[in-house]
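Residues per chain are reported as follows:
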Amino acid sequence: MPAFDPTLAEIRFGCGLSPNIAPAQSVAAMLATLQGPDLAAARHPIEPFDTFRARIVRYNEQGRLRRDSRGTAAEKTALKAMRVMNKQARQAQMTWLGQSLARCVTTQAPFRERLSAFWADHFTAQGKAALMRRAVSPYVEEAIRPHLSGRFEDLLIAAVTHPVMVSYLDQRGSVGPNSPRGKKSGGGLNENLAREIMELHTLGVGGPYTQGDVRALAELLTGLTFNPQVGRVFRKDSAEPGPETVLGKDYGGDPARLTDIESALRDLARHPATARHLARKLAVHFVADMPDPALVQVIETALRDSGSDLSAGYAAMLAHPAAWNAAPGNVKRPFEFMASALRALAMPPESFVPLKEKRFREYIQYPLHLMGHSWERPVGPDGLSEDDSAWITPQGLAARLQWALSVPQILGGTLPDPREFLITALAGRATPAVQFAAQAAESRADGVGLILASPAFQRS
Amino acid sequence: MTLSRRAFLTRSALIGCSLAASPLVTPVTFAAAPGDNRLVVIILRGAMDGLAMAQPWGDPAWKALRGAALPDADGGPLDLDGRFALHPSMAGLMPLWQAKELSVVHAVSTPYRDKRSHFDGQDLLEAGVADLASGARRDGWLNRMLQHYPGIGTQTAWAIGSDPLAVLRGAAPVARWAPEADLALSPQAIRLAELVMQDDPAFAAAMSEAFRIADGDGDALESALSPQEMGEMMGADMAAARGPGEARLAAFVAQQLRADARIAAFSITGWDTHARQDAPLGRALGRLSSAILTLRDELGPQAWQRTAVVAMTEFGRTVRFNGTGGTDHGTGGAMLMAGGALRGGRVVTDWPGLDEAALNDRRDLMPTRDLRAHVGWLMRGLFGLEAGVLEREVFPGVELGGDPRLLL
C-alpha cells in the first residue's frame, strides 16, 4: 500500500522540488509547518486589506475634491492624483503576484502556500469598483491566510463578511425591505451572497437547502456592509427586522446584531453536508479529478467529527494511502506550474519580483493569462476549474511550452545542465522520453524548458 | 542513453492514461452532419454608444441633444434610411448596407437596469439571464445554445482571443485559441516537445492540435529564435493583443469558419468613452468595421452567404454629452448585425423617441425590446432551435415576441 513519500509530498502537496530546500520527512512534519510563524509571508510581504483600505480613503477624498471643484484647476489636480493612485495600486497588484510566487520558491512550508491558494479560490472574490479591484491579494492576506489550519467557521466568517466579498457578491446593496432604510429608500434584498455561501462556500450545490433558506439567510445578512473609513460594518438601519429561519433554526431578532449572522455561519460551517462538500473538494484539488471515495470519506468524517477542524481534515487526507499513489496525478494549474518551475530552478525572487510592470506582465502575468488563469480577475465566484481538461488545451499547453522554453533563461541568466535538472525537477519521474529530450536538446534553455513542459513535471 | 523515437511511440501506446478526461481525444459521434449556417458573436466591452454609431438624425430632439453634424455633410454621418445615419468612421461598411448585408437593431438592451456597472452588465449580457439578484449563472447563453446544436463536435464552437468569454462558458465543448498565443520554436524543439508529450495522451493530443493551429495561423511555427527573442516576441504579442488586433482575430475566426467551425465569439474593447469621445469612439468603431470587413473578405462569398455576425454591448450611454464631451453609462443601446444571411439594409427598431419624457430616468435611451429576443430569433433562424428551448434554457425568461425577420 502506498504511503507517505517526501518527494511526492513536495510535488503533490507542496510547490514542487527544490535543489536547496529539503522536503518534510513525515506527515506530522508537514502538518507542523502550518503551525509555526508565517515566515514566507514575513519574508515576502503583501499588504493586508486594512492597510490597503487607506488607499481607498485617500482615493475617495480626491474623488470628492474633484466633484466639488468642477471646471477649476483643482479638478485637474485631483484627477491626476487619482490616476497616480490607480497606477500605484495596479503596480502593487503585480508586485504581490511576484511575492506570491516568491513565497512558493523559497518556503520551507510549501503546504501552507498550496492551502492558501486553495482557500483563496474556494472564497473567490474581487472588488468591483476603482481601487477595490486591486485588493484581492490584500483580502487573501487578511481573511484567508491566518485561518488555514484552524476551524473552518473562522475562515468562513472572515472571508464572507470581508469588504472584498461583500463588494463582489453585491451584499453592499442588499437592504431589508422592512428596515428603516429599506422603507425610506425602497431598496431591497440581494440574495447573491446568501446563495453562494450555501452553494459554493458551505453545503454545496446539491446540499440540503431550499430557496426559502437562501432568502432567509439573505434577510439575516442585511445590515452587513462595509465603509472604507472603518472596514467591515453592521448597519442596523438596513437590517430586516425579526428573526430568520435558516435550515429550520431561528437566528437573530431585535435588535439585529452581527453576532447573529456569525451564529448562522458557524452552524453552516459545522453542517455534515459542508464536511462532505469540503472533503470532496480537497481530494479533487490535491489528489485526483475522480478521487477514491474512501479518501473523501475519511476527510469528511474527520471534518465532521472534529467540528470542522481543518487540520484534522488535512491529517486524514495525508494519512490515507490513496493520497500517495505514485502515478502522476492532477495537472498543475497555471500558477502552480509557474511557481514549481521557478522553485525547481531556485530562481532568486530578486530576478522577478522587482521587474518593471511592463516586463513583469510580459514574463509572468500575461503568460498566466494565456495559460487560462487571469490573475485576480475571476470569471465567476466558483473560481478556477478543477478539471485537468480545462487546462490541457491547445492554447494552454502552447503557452506553457513557450514560457518554459524562454522565460527561465530571460530571468535567470545561467540555467542548470538539463541532465542534472532532470533529477532536481523530476526525481524518479523522468521517463525515457524526457531523458532523451534533455540530452538531445540544442541548448540548455531548450533542455530545461522541455523538462518543465513534460507531462511528468506538469502533473502533481 | 539513446532510444529511437519509434521505441517511445510504441512505449507510450502502452501507457493506459485516462483518455476520457480530454475532449480532444474523446471520439465525437456526429448525430447529424452540422449545418452550414454560421454565427459570430462580438462582445463590445465597455458600453458602446449606440446613438453615436447609428445616429437618429430623423428624431426632432437629436440635434439639440448632441449638436451633431447632419448626414452626408463633410465629415458627417452617412444616411442609412432617412431616419438614421451611420458614424463616419464606419464608411467602409456602406457597401454592405447597400447590399442588404448590414442591419442595426436600435433601442434595445439586456434586462439590466439602474446600476450601470460594466462588471454586472457584462455578466448579465453573457449569462443571458434577466437579473443577478439570485446570483450569476455559471454558464453563458451561447454555450447553452450549443447544447442544443445538432451534431456538435470539438471544433464546432470557438472562443477566439485571450478573453475568457463567459458567453461560451459551460458544458458544451468549445475550442479556444488566442492568435497571440504564438509558438515559435526551433525544429528540434518541436520534435522533442512532441516526443515528450507522447508520455501522456491528453498532453499529446493538445500539443499536436496546438502545433497544427500555430502552423496555420499565418506565421510559421518553426523558427530559430533565442530565448531573448522569444521573450521579445511574447512582449510584442501581448501588445498586439491589447492594441487593434481585431483584424487578426477576425481572420483567424474566418479560417475556422471555413473549416468545421460554425459558431465563434471574440471581444473588442475600447468603448468606455467618458471624455472627448469623438476620437476614441471613432477608432473603436473603425476597429469594429475592420473586423466585419475582414470576416467578409476572409470567409469568401460562399461562406459569407451563410453567416450572421452580431455585435452587442452591456448597455448604452447617456443621450446627452457630459461636461467633458463624453457620455456616461446609460441603458438602451444598439446592436450591429452583418452577414450574407441577413435580410439587411434595415434599422430594426420600435423607436421610443428622444423627448425628455421618453427617456429612461430622463437621461438614457429607453430600451423598447430585450436584445435577447432578437438574438433568440437569429439563432432560431440559423440553427432551428425551438422557441421553448430559447425561452426556457438559452435565455430563461425572455419573451421572444414577434419575429423581427432578421434573416433571409
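Predicted model only: the values in this text are computed from it and were never measured.

**Q** Where do I start with the overall build of chain A in this structure?
**A** In terms of helices and strands, chain A carries 24 helices and 4 strands. In terms of C-alpha radius of gyration, chain A reaches 24 Å, essentially the compact-globule figure of 23 Å for 460 residues. The principal-axis extents of the C-alpha atoms in chain A amount to approximately 75 × 65 × 40 Å. Within chain A, the proportion of its 460 residues that are buried is 63%. Put simply, 75% of the contacts in chain A that link residues at least 6 apart link residues at least 24 apart. Of the side chains in chain A, 52 bear a positive and 46 a negative charge, and the two mean positions are spaced by 7 Å.

**Q** How do you make sense of the packing of helix α12 (residues 211–221) of chain A against helix α13 (residues 258–270) of chain A when you look at a structure like this?
**A** For any two helices packed against each other, the geometry comes down to the angle between their axes and how far apart the axes lie. Residue and element names in this part refer to chain A. The interhelical angle for the contact between α12 and α13, taken along N-to-C directions, is 145 degrees, at an axis separation of 9 Å. Both α12 and α13 take part in a crossing whose hand is left-handed. Judged by residue contacts, Leu217, Leu220 and Leu221 of α12 engage Asp260, Ile261, Ala264 and Leu268 from α13. Broken down by class, the residue content of the contact of α12 with α13 amounts to 6 nonpolar, no polar and 1 charged.

**Q** What's the story with the domain arrangement of chain A in this structure? I'm lost.
**A** In many analyses, interface size is given as the accessible surface area lost on bringing the parts together. All names here are of chain A. Assigned domains within chain A: domain 1 (19–148), domain 2 (166–270), domain 3 (272–319) and domain 4 (334–458). Computed from C-alpha atoms alone, the centre-to-centre distance between domain 2 and domain 4 is 43 Å. At the interface, 4 residues of domain 2 touch 4 residues of domain 4. Roughly 290 Å² is buried in total at the junction of domain 2 and domain 4, and carbon and sulfur atoms are behind 72% of that figure. Of all residues in domain 2, Tyr168, Glu196 and Leu200 give up the largest surface area on contact with domain 4, accounting jointly for 89% of the area buried on that side.

**Q** Looking at this structure, how should I read helix α16 (residues 310–319) of chain A?
**A** Because each turn of an α-helix spans 3.6 residues, side chains separated by three or four positions in sequence point in the same direction. All names here are of chain A. Of all 10 residues in α16, 7 are buried; the element is thus mostly enclosed. The complete set of buried residues in α16 reads Leu310, Ser311, Gly313, Tyr314, Ala316, Met317 and Leu318. Contacts made by the buried residues of α16 are with α1 (6–13), α2 (27–32), α6 (110–122), α8 (152–160), α14 (272–286) and α15 (293–305). Where α16 begins, the capping side chain belongs to Asp309, and its oxygen is found 3.1 Å from the backbone nitrogen of Ser311.

**Q** What's the story with the interface of chain A and chain B in this structure? I'm lost.
**A** On the chain B side, the residues contacting the 60 residues of chain A number 60 residues. For the chain A and chain B pair, buried surface summed over both sides reaches about 4800 Å², with 67% attributable to carbon and sulfur atoms. Among the residues chain A hides against chain B, the three largest losses belong to A:Pro394, A:Gln395 and A:Gln402. Together they make up 13% of the total. Close ionic contact of A:Arg459 with B:Asp200 constitutes a salt bridge, the shortest N to O distance being 2.5 Å.

**Q** How should the domain arrangement of chain B be read in this particular structure?
**A** All names here are of chain B. Parsing chain B into structural domains produces domain 1 (38–179 + 227–276 + 285–312 + 330–352 + 360–394) and domain 2 (185–224). Put simply, the middle of domain 1 and the middle of domain 2, counted by C-alpha atoms, are 33 Å apart. Each side of the interface is counted separately: domain 1 has 7 residues, and domain 2 has 8 residues. Approximately 580 Å² of surface area, both sides summed, lies buried where domain 1 meets domain 2, with 55% of it carried by carbon and sulfur atoms. For the pair domain 1 and domain 2, the number of links is 0 salt bridges. Applying the counting rule to domain 1 against domain 2 returns 1 residue pair in polar contact (both at pLDDT 80 or more). Taken together, the residues of the side of domain 1 that touches domain 2 break down into 4 nonpolar, 2 polar and 1 charged.

**Q** Mind showing me how you'd approach the packing of α14(A) against α15(A) here?
**A** All names here are of chain A. The interhelical angle for the contact between α14 and α15, taken along N-to-C directions, is 135 degrees, at an axis separation of 8 Å. Put simply, α14 runs oblique to α15. Seen along the crossing, α14 lies across α15 with a hand that is right-handed. On the side of α14, the interface is formed by Pro272, Ala275, Arg276, Leu278, Ala279, Arg280, Leu282 and Ala283, while α15 contributes Leu295, Val296, Ile299, Glu300, Leu303 and Arg304.

**Q** What should I look at first to understand the nonpolar core in this one?
**A** The nonpolar side chains of a soluble globular protein tend to be buried with one another. Counting 130 residues, the largest nonpolar core has A:Leu401, A:Trp403, B:Met53, B:Leu288 and B:Leu336 as the members making the most contacts within it. With 11 residues, the top contributor of residues to this core is helix α11 (residues 278–305) of chain B. Look past the residues within four positions of B:Met53 in its chain and what remains in contact with it is B:Met48, B:Ala85, B:Leu86, B:His87, B:Met90, B:Val104, B:Leu285, B:Ala334, B:Met335 and B:Leu336.

**Q** Just to check I follow, could you spell out the state of the cysteines for this structure?
**A** In a disulfide, the sulfur atoms of two cysteines are held together by a covalent bond. Residues and elements named next belong to chain A. Per the counting criterion, the structure on display carries 0 disulfides over all chains. Here Cys15 stays free of any disulfide, with the sulfur of Cys104 as its closest cysteine sulfur at 3.7 Å. When its relative accessible area of 5% is taken as the criterion, Cys15 is described as buried. By relative accessible area, which is 5% here, Cys104 ends up buried.

**Q** Would you mind going over the packing of aromatic side chains with me for this structure?
**A** Counted according to the given criterion, the structure contains 21 aromatic pairs over all chains. Considering the side-chain rings of A:Phe111 and A:Phe286, the 5.8 Å spacing of their centres and the 65 degrees angle between planes classify their relative orientation as edge-to-face. Placement of the pair is A:Phe111 in helix α6 and A:Phe286 in helix α14, with a sequence separation of 175 residues. Exposure remark for A:Phe111: the relative accessible area of 2% places this residue in the buried category. Three or more aromatic residues link up through ring pairs in this structure, and these residues are A:Phe4, A:Phe13, A:Phe111, A:Phe118, A:Trp119, A:Phe123, A:Phe152, A:Phe286, A:Tyr314 and A:Trp324. Sitting above the plane of the A:Phe226 ring, A:Arg172 keeps its charged end 3.9 Å from the centroid. Its end group placed over the ring of B:Phe321, B:Arg66 keeps NZ or CZ at 4.9 Å from the ring centre.

Criteria and thresholds
- Residues numbered from 1 in each chain as written.
- Chains lettered and ligands numbered in written order.
- Predicted model: local features only at pLDDT ≥ 70, side-chain atom pairs only at ≥ 80, totals over all residues.
- Heavy atoms only, no water.
- Helix = DSSP H or I, 4+ residues; strand = E, 2+ residues; numbered from the N terminus.
- Rg over C-alpha atoms; globule rule 2.2 N^0.38 Å.
- Buried < 20%, exposed > 50% of the residue type's maximum accessible area, 1.4 Å probe, protein only.
- Contact = heavy atoms within 4.5 Å.
- Lys, Arg positive; Asp, Glu negative; His and termini not counted.
- Charge placed at Lys NZ, Arg CZ, Asp CG, Glu CD.
- Axes fitted to C-alpha atoms, helices over the stretch in contact; angles between N-to-C directions.
- Left-handed = near helix turned anticlockwise from the far one by under 90°.
- Nonpolar A, V, L, I, M, F, W, Y, C, P; charged D, E, K, R; others polar.
- Domains from an automatic or database assignment.
- Buried area = accessible area lost by both parts, 1.4 Å probe.
- Polar contact = N/O pair within 3.5 Å; in protein donor to acceptor, adjacent residues only side chain to side chain.
- Salt bridge = Lys/Arg side-chain N within 4 Å of Asp/Glu carboxyl O.
- Parallel < 35°, antiparallel > 145°, perpendicular 65-115°, else oblique.
- Core = buried A, V, L, I, M, F, W, Y, C linked by side-chain atoms within 4.5 Å.
- Disulfide = S-S within 2.5 Å.
- Phe/Tyr/Trp six-rings, centres within 6.5 Å; stacked < 30°, edge-to-face > 60°.
- Lys NZ or Arg CZ within 6 Å of the ring centre and 35° of its normal.

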